[in-house]
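Residue strings, one per chain:
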Amino acid sequence: MVTADNTPSFTRDIQPLFRESDRESMEFAFDLWDYQDVRANAEDILERLSEGSMPCDGEWPEEQITQFRRWIEAGMPA
Ligand code: HEM
């Protein structure tokens, strides 16, 4: 359940989770630092994060995946 107090925002909470190297590795498909690109690919990104196949060099800690899922559930605010 997302409340007004802890609603994640892309700029403040989500974009900083993606490293510059993540962005460079994924440029062939989308820009992980671009709000519209991440929004458009959010379900695919969540799937890869959840199954642990992305990032290719080590999976995210559960809190970060939860944060990304909460952001989707909140309607993906900018
Ligand atoms: C948090 C960081 C990352 C996220 C969210 C992410 C997400 C994704 C997603 C959603 C796809 C499927 C794209 C498509 O089919 O259009 C993908 C593919 C791919 N990613 Fe990433 N990625 C991340 C980091 C990385 C890194 C660090 C590498 C380094 C090698 C990498 C290499 C690849 C490659 C080679 C593919 C195509 C092959 C495949 O589908 O497995 N990614 N990634």
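Structure shown above.
The rules behind the values
Numbers given for residues are sequential positions, taken from 1 along each chain in its written order. Per-residue local features of the predicted model are confined to residues with pLDDT of at least 70, and side-chain atom pairs are confined, for both listing and counting, to 80 or more; whole-chain, interface and lining totals are unaffected and use all residues. To obtain the side-chain values, all non-hydrogen atoms of the structure were included, while hydrogens and water were left out. Near is defined per residue: the residue qualifies when any heavy atom it owns lies within 4 Å of the molecule or strand. In the analysis that follows, any N or O atom pair within 3.5 Å is treated as a polar contact, provided that within protein one partner can donate a hydrogen and the other can accept it, and provided that, for residues neighboring in sequence, both atoms belong to side chains. Only protein atoms enter the 1 Å grid, on which a cavity is a set of points fitting a 1.4 Å probe that cannot get out and a pocket is an open set with protein on both sides within 12 Å along at least 5 of 7 lines, lining residues being those with an atom within 4 Å of a point. The way we define it, a molecule is inside a pocket or cavity when more than half of its atoms are within 2 Å of that pocket's grid points. A run of H or I in DSSP counts as a helix once it spans at least four residues, and a run of E counts as a strand once it spans at least two, with each numbered from the N terminus. Here the nonpolar group is Ala, Val, Leu, Ile, Met, Phe, Trp, Tyr, Cys and Pro; Asp, Glu, Lys and Arg are the charged ones; every other residue, Gly included, is treated as polar. Distances up to 2.8 Å from the metal define which N, O and S atoms are donors, and 3.2 Å serves for Na, K and Ca; water is absent from the atom set, so sites may look incomplete. Irregular is the label for any site that misses the other tests, which are tetrahedral for four donors with all angles between 85 and 135 degrees, and square planar for four donors or octahedral for six when opposite donors exceed 155 degrees and the remaining angles lie between 65 and 115. Relative accessibility under 20% of the residue-type maximum defines a buried residue, over 50% an exposed one, and the middle range a partly exposed one, all with a 1.4 Å probe and only protein chains included.

**So, the site of the ligand**
As a matter of local geometry, the ligand sits amid 15 residues, with Ser25, Met26, Arg48, Met54 and Cys56 nearest to it. Arginine 48 has a polar side-chain atom sitting 2.7 Å from an oxygen atom of the ligand. With respect to the pocket detection grid, the ligand is positioned in the largest pocket. For the shell around the ligand, the elements supplying multiple residues, two or more each, are α2 (20-26) and α4 (42-51). Its residues placed into classes, the shell around the ligand shows 10 nonpolar, one polar and four charged.

**Points about the coordination of the iron atom of the ligand**
Each protein donor to the iron atom of the ligand is listed here as Met26 (SD) and Met54 (SD); together their distances run 2.2 Å. Classification of the site at the iron atom of the ligand as octahedral follows from its six donor atoms and the range of 83 to 179° in their angles at the metal. One end of the pair, methionine 26, is in helix α2; the other, methionine 54, is in the loop between α4 and α5 (62-73), and 28 residues separate them in sequence. With a relative accessible area of 15%, methionine 26 lands in the buried category. Methionine 54 gets classed as partly exposed once you look at its relative accessible area, which sits at 26%.

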